[in-house]
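# Analysis of the macromolecular model
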Amino acid sequence: MKVRVLGCSGAIAKDCRTTSFLIDGDILVDAGTGVGDLSLTEMQSVDHVLLTHSHMDHIASLPLMLDSCTSLRSKPVMVYALQATIDALMAHVFNNVIWPDFSRLPTLDRPFVRFTAVEIGQTIAIDGRTVEVMSAVHTVPACGYAVKDRDKWWVFTGDTERNPAFWARFNQLEVAMLVIETAFSDRESALARRALHLAPATLAEEIDNIDPSKTTPIYITHTKPAETKLIMAEIQQFDDTDVFASGVRHDIRWLTAGQEFDID
């Protein structure tokens, strides 16, 4: 399974693109502004979109991508999301005011896009790969995703704050790569709590829930551009294992747009 990072920023600025990951060329996990770096042919190849929640930085490119490539396709793009996320998209985006309702165009029986509601804990089979909908704790209904091809999982938390249910399930999986958000610095920890995002101190608490026998690489995503350097500096202090109650030193790395990973 190949994972390409299209965008991993919490907001836009030069060279900062919001959340989107391309898996094997045909699955998008979230549709932030990073989708705009795909060629028309690459967009045309996207058959499935997994949305974590309805916030703009995670869905901004979906209507534009559909407009760019659906006339070149012979079947609809399948979009999977919580029912609340679908409801928000239909009410506020695909409402024939902000954007056409592509779930009814060109016809009801042959639309450009089909929405499928999913639930936390549900598994979906997509062309030989298994997708599990993971728990998330955010200001709107939200989820994360775990994607497996063969025996190993790529896991993305989505936007979340403290989330015991996520870690209970995570520790049952053979995870090759964890992507976890850290949107704010500890200087903005009060705002992070209100916005239900992680900051470095709460990140440390969360990843301390990982089974000590696991050596999963942990990749940081969703940092705010104005805070990225400070967030990085604060997380780099995690080399001091006193940060972690378990005493385990975790393998923490940084995501950048354009990175590609082979999940074996």
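Numbers given to residues run from 1 along each chain, matching the order in which its sequence is written. Given that the model is predicted, a residue must reach a pLDDT of at least 70 before its local features are reported, and side-chain atom pairs must reach 80 or more before they are shown or counted; all residues, however, enter totals for whole chains, interfaces and linings. Think of the side-chain values as coming from all heavy atoms in the structure, minus any hydrogens and water.

On to unusual backbone geometry, then. Look at the link from Leu105 to Pro106: it is a cis peptide, with omega at 0°. Within the secondary structure layout, Pro106 lies in the loop between α4 (83-92) and β6 (113-118). Positive phi, close to 65°, is recorded for Asn96, a residue that is not glycine. Secondary structure elements follow DSSP: runs of H or I of four or more residues count as helices, runs of E of two or more count as strands, with numbering from the N terminus. With respect to the helices and strands, Asn96 occurs in the loop between α4 and β6. What makes Asn96 exposed here is its relative accessible area of 58%. The residue Arg150 is not glycine, and still its phi comes out positive at about 65°. Structurally, the position occupied by Arg150 is in the loop between β9 (143-149) and β10 (152-156). When a residue's accessible area, from a 1.4 Å probe over protein chains only, is under 20% of the maximum for its type it is buried; when over 50% it is exposed; and in between it is partly exposed.

Within strand β5 (residues 77-82), five of the six residues are buried, leaving the element largely enclosed by the surrounding structure. Strand pairing requires that DSSP identify at least two bridges connecting the strands. Of the pairings in the sheet, the one linking β5 to β6 comprises six bridges and is parallel in character. Paired with Leu82 across the strands is Val118, a residue of β6. A clockwise path from the first strand over the helix to the second, with the strands pointing away from the viewer, defines a right-handed crossover. As for the winding sense of the linkage, the β-α-β connection from β5 through α4 to β6 is right-handed.

This part takes up the pattern of salt bridges. Any Lys or Arg side-chain nitrogen found within 4 Å of a carboxyl oxygen on Asp or Glu counts as a salt bridge. Considering all chains together, one arrives at 16 salt bridges under this definition. The partner of Arg129 in a salt bridge is Asp26, and the shortest N-O contact between them spans 2.7 Å. Taken together, the residues Arg129 in strand β8 (residues 129-135) and Asp26 in the loop between β2 (20-23) and β3 (27-29) connect sequence positions 103 residues apart. Its relative accessible area of 6% is what places Arg129 among the buried residues. Given the relative accessible area of 12%, Asp26 is considered buried. Glu132 is paired through a salt bridge with Arg169; the nearest N and O atoms lie 2.7 Å apart.

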